[in-house]
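Descriptive analysis of the structure
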Amino acid sequence: MTSPSVAAGELLRKVGVEIDPDLLVLALTHRSFAFENGGLPTNERLEFLGDSVLGLVATEKLYFDHPDLPEGELAKMRAASVSQRSLAEVAREIDLGSYVLLGKGEASSGGADKDSILCDAFEAVLGAVFVAHGIEVARETVLRLVGPTLDRAAHSGKALDWKSSLQELCSERSLPQPVYTAVGTGPDHARTFTATVSVDGVPYGSGTGSAKKHAEQEAASKAYEAIAASAS
C-alpha cells in the first residue's frame, strides 16, 4: 500500500507545485470524511477560494486571447471551461480521485469518480496553491492544468453555456424566458441540488449537482435538446 507521504508526493508532482502536507490534506478532505471522523475541517473553504482564483485566471486569459469577442461570448467560454464536467475531466487527468479523503459510504458508492467531488477537490487544490504561493504561482498552475480546456472552449458552440443557449433559443422561438427552481437535499456533508427548468409553465429538463449552478446547467442542456427537437 502506498504511504500517505508517497501518495502526496505523487499528486504534487502532477500538480507541479509544493504544498505544505497539512494544507494538502485539508484540500483533499471531503465533507463525508470529515463528518465520519468527528467533524474535521473540510476542503470547502479552500474550494471557495480556488473557485475565485480559477475564475479570475480563466477570465484574464480569455480576455487577452480573444480581443475581438464580445462579453457574451467570453462569458460562455468561461462557463464551459470552469464547468463541473470540464474540471472533473482535468481532475481525472491527474488522478485526483485516488487522493481525495472520502467517508466510507461515499467511497463505496463511487465517490472518487463523481464529477461533483472531483470538481470541488480540484478547486480546493487550486485554493491551496494560492494560499501557499500567491496569485502568480496559482495562475501558472491554472494555465498549465486548465489552459487546454480554455483553448478548446473557443470551438464548443452552444455547449459553452447551456443556460445562455436555452435563453437564446427561447427568444428565437418567441417563447417566455426559462424559469429555474432548485432544491437542496441531504445532510451538510452530502448535499445534492436538483434543478428543474420550465418554459411557459412546462418543465423541460432537470439536473443534479453538488452546487445549484451545476444542476441548472444540466437541466438547461436537457431542456435545450427537448425544445430544439420540437416543432418551432
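Residues numbered from 1 in each chain as written. Predicted model: local features only at pLDDT ≥ 70, side-chain atom pairs only at ≥ 80, totals over all residues. Heavy atoms only, no water.

A few points about the pairing of strand β3 (residues 202-209)
Spelled out, the test is: Whether two strands pair depends on DSSP finding at least two bridges between them. Runs of E in the DSSP output that reach at least two residues are strands. Runs of H or I that reach at least four are helices, and both are numbered from the N terminus.
Note that strand β2 (residues 192-199) and β3 share seven bridges and pair antiparallel. The partner of V197 across the bridge, within β3, is G205. A loop of two residues connects β2 with β3, the two strands running antiparallel in sequence, and D200 in this loop sits at a positive phi of about 55°.

A word on the nonpolar core
Selection criterion: Side-chain atoms within 4.5 Å link the members of a nonpolar core, which is a set of buried Ala, Val, Leu, Ile, Met, Phe, Trp, Tyr and Cys residues. Type-normalised accessible area, obtained with a 1.4 Å probe on protein chains alone, sets the label of each residue: buried when under 20%, exposed when over 50%, and partly exposed for intermediate values. Whether two residues touch is decided by their heavy atoms; if any such pair falls within 4.5 Å, the residues are in contact.
Within the largest apolar cluster, 42 residues are counted, with the highest numbers of intra-cluster contacts made by L11, I19, L96 and F122. Sorting the residues of this core by element identifies α1 (4-15), α2 (21-28), α4 (44-65), α5 (71-81), α6 (84-93), α8 (115-133) and α9 (135-152) as the ones contributing at least two each. Among the elements that line this core, the one with the most residues is α8, at ten residues. Other than its neighbours up to four places away in sequence, I19 contacts L12, L24, V125, A128 and V129. Of all hydrophobic cores here, the second largest spans eleven residues; its members include L169, V197, V199 and A220.

Describing the environment of A58
If you trace the backbone, A58 turns up in helix α4. In this structure A58 comes out as buried when scored by relative accessible area, which is 1%. Sequence separation between A58 and T181 is 123 residues, and the spatial gap between their C-alpha atoms is 28 Å. With residues up to four places along the chain from it excluded, the contact list for A58 reads R78, V82 and L150.

Describing the sheet that holds β2
This is how it is decided: What counts as an axis is a line fitted to C-alpha atoms, over the stretch in contact for a helix, and the angles between N-to-C directions run from 0 to 180 degrees.
Taken in spatial order, the three strands of this open sheet run β1-β2-β3, and their pairing is antiparallel. This sheet does not close on itself; its edge strands, each paired only once, are β1 (179-185) and β3. Ignoring strand direction, the axes of neighbouring strands in this sheet form an average angle of 20°. Along the sheet face, helix α11 (residues 212-229) touches β1, β2 and β3 and points at about 140° away from the line of β3.

A short note on unusual backbone geometry
Of note, the phi angle at D95 is positive, near 55°, even though the residue is not glycine. Tracing the sequence through the fold places D95 in the loop between α6 and α7 (104-108). At D200, a residue that is not glycine, the phi angle is positive and equals roughly 55°. By the element assignment, D200 lies in the loop between β2 and β3.

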